[in-house]
Amino acid sequence: MAESGVTDGLGNTEDIERSKTEGKQLTKEEKQRLRKEKKQQKKNKEKSDENASHEGEKKKKKKKEEKPVGSASQPPAQPSPKVPAPPAAAVPVPASEAPAPADKPAKSKADLKAERRARQEAERASKGKKGDVGQPAPTGKLKAPPSELQPVVKRLPEHVQVDDGIKTPGCNAAENVKIPLRSDYGYKVSLFSHLHQYSRKAPLTQQLGIPSTVIHPAIVRLGLQYSHGIVAGSNARSVALLHAFKQVIRDYTTPPNEELSRDLVKKLESYINFLHQCRPVSASMGNAIKYIKKEISNIPSQCKEEEAKLKLLSCIERYINENIILAAKAIAKYSIEKISDGDVILVYGCSSLVNHILCEAFEKNRKFRVIVVDSRPRLEGREALRRLVQKGISCTYVLISAVSYILPEVSKVFLGAHALLANGYVMSRVGTSQIALVAKAFNVPVLVCCETYKFCERVQTDSFVSNELDDPDDLIVTRKGQTQLEHWQEVPSLGLLNLVYDVTPPDFVDLVITDLGMIPCTSVPVVLRVKNMDQ
Amino acid sequence: MNTEELVEYFRAQMRTDPDMASAVAAIRTLLEFLKRDKGETIQGLRENLKGATDCLTGVDSSVAVSSGGELFLRFISLTSLEHEDLSRCKKVMEERGELFLEKISMSRTKVAKLCHTFIKDGAKILTHSYSRVVLRVLEKAAAEKKRFSVYVTESQPDSAGRQMADAVRNLKVPVIVVLDAAVGYVLEKVDLVIVGAEGVVESGGIINKIGTYQTAVCSKAHNKPFYVVAESFKFVRLYPLNQQDVPDRFKVSIFPPGALLSLCFLYELFSPQYKADTLRNMSNLSEEHPMIDYTPPSLITLLFTDLGVLTPSAVSDELIKLYL
């Protein structure tokens, strides 16, 4: 593994960027605090040795990423207490212990701000911690909490401050999992500047040092698979996540004086943070995680470890079976009623559920043909095309630019969904809303197929507020030996936008087929209510 | 109680009370069937009831009969059937059945009570074909001393609209019969449109006499409110995407008229094309003319049911509550 060697230079550019965006936030109180710290730091100059400053820089940079990650992961309803709740200003974080600001030799304005931020981060992260150990001194894009001055600023020895990433609250120092933060890559379009844009060529695992990784290898492998797109698709990601968690549970042993129910949850939270860094957690994964955490916390304390582990493993098995495998069967059963002979069905991209439905219908001897619509840069339609043609279904393949040409021939549109939001909007692969819109204009019924475990309580009316930005280099293509966009980074006004998801309003969707039956798009909150009652 | 007795009892019920909805008659028949059933197990009882419902649907294939039958079955079994003695269980089920019947007999009154307030003084109402629920609403409004006038579409091919006009005339309300094709023409003068429904589907749309869809589209174009009045036992677990998606067995439904005269008229003179067993004989339904059509929820303003005044998207909520 490479040593944790993020360069100073990179850290400095981040500092400057941050200071530009947050220069206005230095209030009087913060200035006072900074003055106090200066005094403290002079005292602790002896303690600063080793690569403290390096750690500080790296921490700062990563904390910056960590903050918006936190806010982005909040919507997928992760109840992780670790994730800082309000993205907006003025969050008074009552810290029970003193924060430990970074030890910075240079006292430039940017560095002072960095320290301030570091302290806020420390306060936030140390919420609920037992002892004042291992205070992180990272910085983030936090605005200053206005009135949380610490009367005593305790300084910690530098070697204890070695923390270069997100901290999980409630853990003691020995278990702190240090998850490095990924850096943003390239110029981000201003409308999406609140989202992260990572490069696939810089995976998170390069920054994990061998001794510092307390992340289970199955999770590391999973994270890499996510970030490289080896495991893609909502169902596939959830199933892979659950299998990795099963491995984690199998290898888990409760440390002495700890309860399995609490300790395992903490561990899982740190893994989830890691995975979120590799690729933002999807809604279905979020729901699965919620379920597992609930199951773990419901384990009675007198239960023996082996028993508890077996119980958890069987819970996960059952969850996968009920919500994914059996749900697919139920949905296929309902969908077959809607597929009649002579139908021309349009599908977009590669949805595992829609492919399953079409294969089942074909096996039940329905006569239909399929039009597969595809789009760059992922070109997932080719995978769907491959699967359908293998079964013997007659298919046509078009790109999304030809969709208004082909729609007069189409009798139904089947779409998959990444998540169904509580106000009835469908979140799916980018391009889905376009297809739904054109289908509506041609009066072609649009059917969305979605399992109920993908329903989430989030509400969103546009695709900007929460989305995922993929590697912009994916948009670069070489044709006839020429790569036009090769040097896009050098053009200052050019930004490449590779969106992953978009939301479709419920007016364009005629029917949602779930494992509970066929419902209109507006009935999603009813299903959520029914499911909550069942639990 | 075998098939013939069942059908005969059903027909008798329809004859004795022409004002009764066919679904109510079906439920009465099912209750009688339950009382006379000599099954030994609850499972067997349930199977027999299902068979009886199918049989009745074969006689009168309106949406309401099948939905009413299913709801009846659900309602009576939605109780603790933990007694060891089968006869005790049966008694419980019968009591529940009577309760259900009582509830739905009151449903039309409830609907009328909810809807008549939407008819303001001086209103001009357009309605389509013959619906006893709409008649009840108009009765209630007239009883409240409101002054309004009614346009009724003729509603071919069975001219049920004329029957409606006669009934409304009896209420001393001015009524005019218009051609089906004149709906767009008349809508300028009209303030609101009220129609009944044969079935209310999961999406919030309705299945009703042919011509309802046209009326709905025209009223949307004119921005006039389009109200539907229906009892809750007409809620059915269908989800049509478009007109073609409505199952064929409903398309050839006999539209149950009120007066005995029209009943005979329909059966004897008009029958060959519109009887329920047409399906079994005819193979090419594209030459048939459907008696019903589907109106999508986007065209409906409000639904008045005995469960309350609902928007089309709330229908799914109610259905989930009823069926899940």
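Residues numbered from 1 in each chain as written. Chains lettered and ligands numbered in written order. Predicted model: local features only at pLDDT ≥ 70, side-chain atom pairs only at ≥ 80, totals over all residues. Heavy atoms only, no water.

A. Expanded view of the overall build of chain B. Along chain B, the regular secondary structure elements total 14 helices and ten strands. Burial statistics for chain B: of 324 residues in total, 56% are counted as buried. A separation of at least 24 residues holds for 76% of the contacts in chain B among residues at least 6 apart in sequence. (Helix = DSSP H or I, 4+ residues; strand = E, 2+ residues; numbered from the N terminus. Buried < 20%, exposed > 50% of the residue type's maximum accessible area, 1.4 Å probe, protein only. Contact = heavy atoms within 4.5 Å.)

B. Expanded view of the overall build of chain A. Check the secondary structure of chain A and you find 14 helices and twelve strands. In chain A, which comprises 535 residues, the share counted as buried stands at 56%. Put simply, of all contacts in chain A between residues at least 6 apart along the chain, 80% involve residues at least 24 apart. Summing over all exposed atoms, chain A offers an accessible surface of approximately 22700 Å²; the carbon and sulfur share of this is 55%. (Areas by Shrake-Rupley, 256 points an atom, 1.4 Å probe, with all protein chains shown as cover.)

C. Region of interest: the sheet that holds strand S6 (residues 426-429) of chain A. Residue and element names in this part refer to chain A. What the three strands build is an open sheet, ordered S5-S6-S10; its pairing is antiparallel. Two strands bound the open sheet, and with one partner strand each, they are strand S5 (419-420) and strand S10 (501-504). With two bridges connecting them, S5 and S6 associate as antiparallel partners. Within the sheet, the bridge partner assigned to Ala 419 lies in S6 and is Met 427. Where helix H13 (residues 432-441) meets the sheet, it contacts S6 and S10, and its direction lies at approximately 30° from that of S10. (Pairing = 2+ DSSP bridges. Axes fitted to C-alpha atoms, helices over the stretch in contact; angles between N-to-C directions.)

D. Molecular detail of the side chain of Arg 429 of chain A. Residue and element names in this part refer to chain A. When you line up the elements, Arg 429 lands in strand S6. By relative accessible area, Arg 429 is classed as buried at 18%. Polar contacts involving the side chain of Arg 429 include one to the side chain of Glu 380, which spans 2.8 Å. Those residues in contact with Arg 429 that sit more than four places away from it in its chain are Tyr 348, Arg 378, Glu 380, Val 500, Tyr 501 and Asp 502. (Polar contact = N/O pair within 3.5 Å; in protein donor to acceptor, adjacent residues only side chain to side chain.)

E. Representation of the interface of chain A and chain B in the model. The interface is formed by 15 residues belonging to chain A together with twelve residues belonging to chain B. A combined buried area of about 1100 Å² lies between chain A and chain B, and 60% of that area is made up of carbon and sulfur atoms. On the surface where chain A and chain B come into contact, there are two salt bridges. Residue Asp 245 of chain B is joined to Lys 338 of chain A by a salt bridge in which the shortest nitrogen-to-oxygen separation is 3.0 Å. No other element matches helix H14 (residues 524-534) of chain A, which puts three residues into the side of chain A that touches chain B. Across the side of chain A that touches chain B, the residue classes break down as nine nonpolar, two polar and four charged. (Buried area = accessible area lost by both parts, 1.4 Å probe. Salt bridge = Lys/Arg side-chain N within 4 Å of Asp/Glu carboxyl O. Nonpolar A, V, L, I, M, F, W, Y, C, P; charged D, E, K, R; others polar.)

F. Looking closely at a positive patch on the surface. Where like charges cluster on the molecular surface, the positive patch consists of Lys 28, Lys 31, Arg 35, Lys 36, Lys 38, Lys 39, Lys 42, Lys 43, Lys 45 and Lys 109 of chain A. By residue number, the principal contributor to the positive patch is helix H2 (residues 28-43) of chain A, which donates eight residues. (Patch = residues over 30% accessible without salt bridge, like charges linked within 9 Å, V, L, I, M, F, W, Y side chains within 5 Å. Lys, Arg positive; Asp, Glu negative; His and termini not counted. Charge placed at Lys NZ, Arg CZ, Asp CG, Glu CD.)

G. Structural detail: the pairing of strand S3 (residues 175-178) of chain B. All names here are of chain B. As paired strands, strand S2 (residues 148-153) and S3 are joined by four bridges and run parallel to one another. Looking at the pairing, Thr 153 lines up with Val 178 of S3. Running through helix H8 (residues 160-170), the crossover from S2 to the neighbouring parallel element S3 is right-handed. (Right-handed = clockwise from strand over helix to strand, strands pointing away.)

H. Structural detail: the confidence of the model for chain A. Averaged over chain A, the pLDDT score is 77; the fraction of residues at 70 or greater is 71%. Confidence drops under a pLDDT of 50 for residues 1-11 of chain A, and excluding neighbours within four residues, the segment shows 16 contacts in the predicted structure. (pLDDT = per-residue confidence, 0-100.)

I. Expanded view of the pattern of salt bridges. Residue and element names in this part refer to chain A. Here the structure, examined in full by the defined rule, presents 34 salt bridges over all chains. The salt bridge involving Lys 188 is made with Asp 184; its shortest N-O contact spans 2.7 Å. Note on Asp 184: relative accessible area 27%, which makes it partly exposed. Glu 258 is paired through a salt bridge with Lys 266; the nearest N and O atoms lie 3.9 Å apart. We classify Glu 258 as partly exposed; its relative accessible area is 25%. Residue Lys 266 is classed as buried on the basis of its relative accessible area of 14%. In the salt-bridge network here, residues are joined through shared partners; they are Arg 200, Arg 378, Glu 380, Arg 429, Asp 470 and Asp 474.

J. Structural context of helix H2 (residues 22-36) of chain B. Residue and element names in this part refer to chain B. With 15 residues, H2 ought to run about 21 Å at 1.5 Å a step, and its terminal C-alpha atoms sit 21 Å apart, in line with that. Those residues of H2 that fall on the buried side of the exposure criterion are Ser 22, Ala 23, Val 24, Ala 25, Ala 26, Ile 27, Thr 29, Leu 30, Leu 31, Glu 32, Phe 33 and Leu 34. Residues of H2 that are buried sit in contact with helix H1 (3-16), helix H3 (42-59), helix H4 (63-77), helix H5 (86-105) and helix H7 (132-143). (Expected span 1.5 Å × (residues − 1).)

K. Inspection of the packing of helix H8 (residues 283-297) of chain A against helix H9 (residues 305-338) of chain A at higher detail. Residues and elements named next belong to chain A. Running from N to C, H8 and H9 cross one another at 150°; their axes reach a closest spacing of 10 Å. Classed by the angle they form, the pair H8 and H9 counts as roughly antiparallel. Here H8 and H9 pass one another in a crossing that is right-handed. For the pair H8 and H9, contact is made by Asn 287, Ala 288, Tyr 291, Ile 292, Glu 295 and Ile 296 and by Leu 312, Cys 315, Ile 316, Arg 318 and Tyr 319, respectively. Partitioned by chemical class, the residues of the contact of H8 with H9 number eight nonpolar, one polar and two charged. (Parallel < 35°, antiparallel > 145°, perpendicular 65-115°, else oblique. Left-handed = near helix turned anticlockwise from the far one by under 90°.)

L. The arrangement of the sheet that holds strand S7 (residues 226-229) of chain B in detail. All names here are of chain B. The strand order S3-S2-S1-S4-S7-S9-S10 describes an open sheet built from seven strands, whose pairing is mixed. Each of the sheet's edge strands pairs with one partner strand only, and the pair in question is S3 and strand S10 (308-310). The sheet shows a mean angle of 25° between the axes of neighbouring strands, taken without regard to direction. Note that strand S1 (residues 123-128) and S2 share six bridges and pair parallel. Residue Ile 125 lies in a different strand from S2, and its bridge partner there is Val 150. Helix-sheet contacts for helix H6 (residues 107-115) involve strand S4 (192-195), S7, strand S9 (302-305) and S10, and the interaxial angle to S9 is about 135°. Along the sheet, H8 makes contact with S1, S2 and S3, crossing S3 at roughly 175°.

M. Summary view of the state of the cysteines. Residue and element names in this part refer to chain A. On inspection of all chains with the given rule, the structure shows zero disulfides over all chains. With no disulfide of its own, Cys 521 lies closest to Cys 450 among cysteine sulfurs, the gap being 9.4 Å. What makes Cys 521 buried here is its relative accessible area of 3%. (Disulfide = S-S within 2.5 Å.)

N. Region of the structure containing the pairing of S9 of chain B. Residues and elements named next belong to chain B. Residues Leu 302 and Phe 304 point to one face of S9 and Leu 303 and Thr 305 to the other, with burial holding for every one of them. Bridging between S7 and S9 involves three bridges; their strand directions are parallel. Bridging across to S9, Val 229 finds its partner in Phe 304. Across three bridges, the pairing between S9 and S10 is antiparallel. Paired with Phe 304 across the strands is Val 309, a residue of S10. Here S9 folds back onto S10, and the loop between the two strands holds two residues.

O. Layout of the packing of H4 of chain B against H5 of chain B. Residues and elements named next belong to chain B. Interaxial distance between H4 and H5 falls to 9 Å at its minimum, and their mutual angle equals 130°. Viewed along their axes, H4 and H5 adopt a mutual orientation that is oblique. The crossing of H4 and H5 is right-handed. Residues Gly 68, Leu 71, Phe 72, Phe 75 and Ile 76 of H4 pack against Met 93, Arg 96, Gly 97, Leu 99, Phe 100 and Lys 103 of H5. In terms of residue class, the contact of H4 with H5 is made up of seven nonpolar, two polar and two charged.

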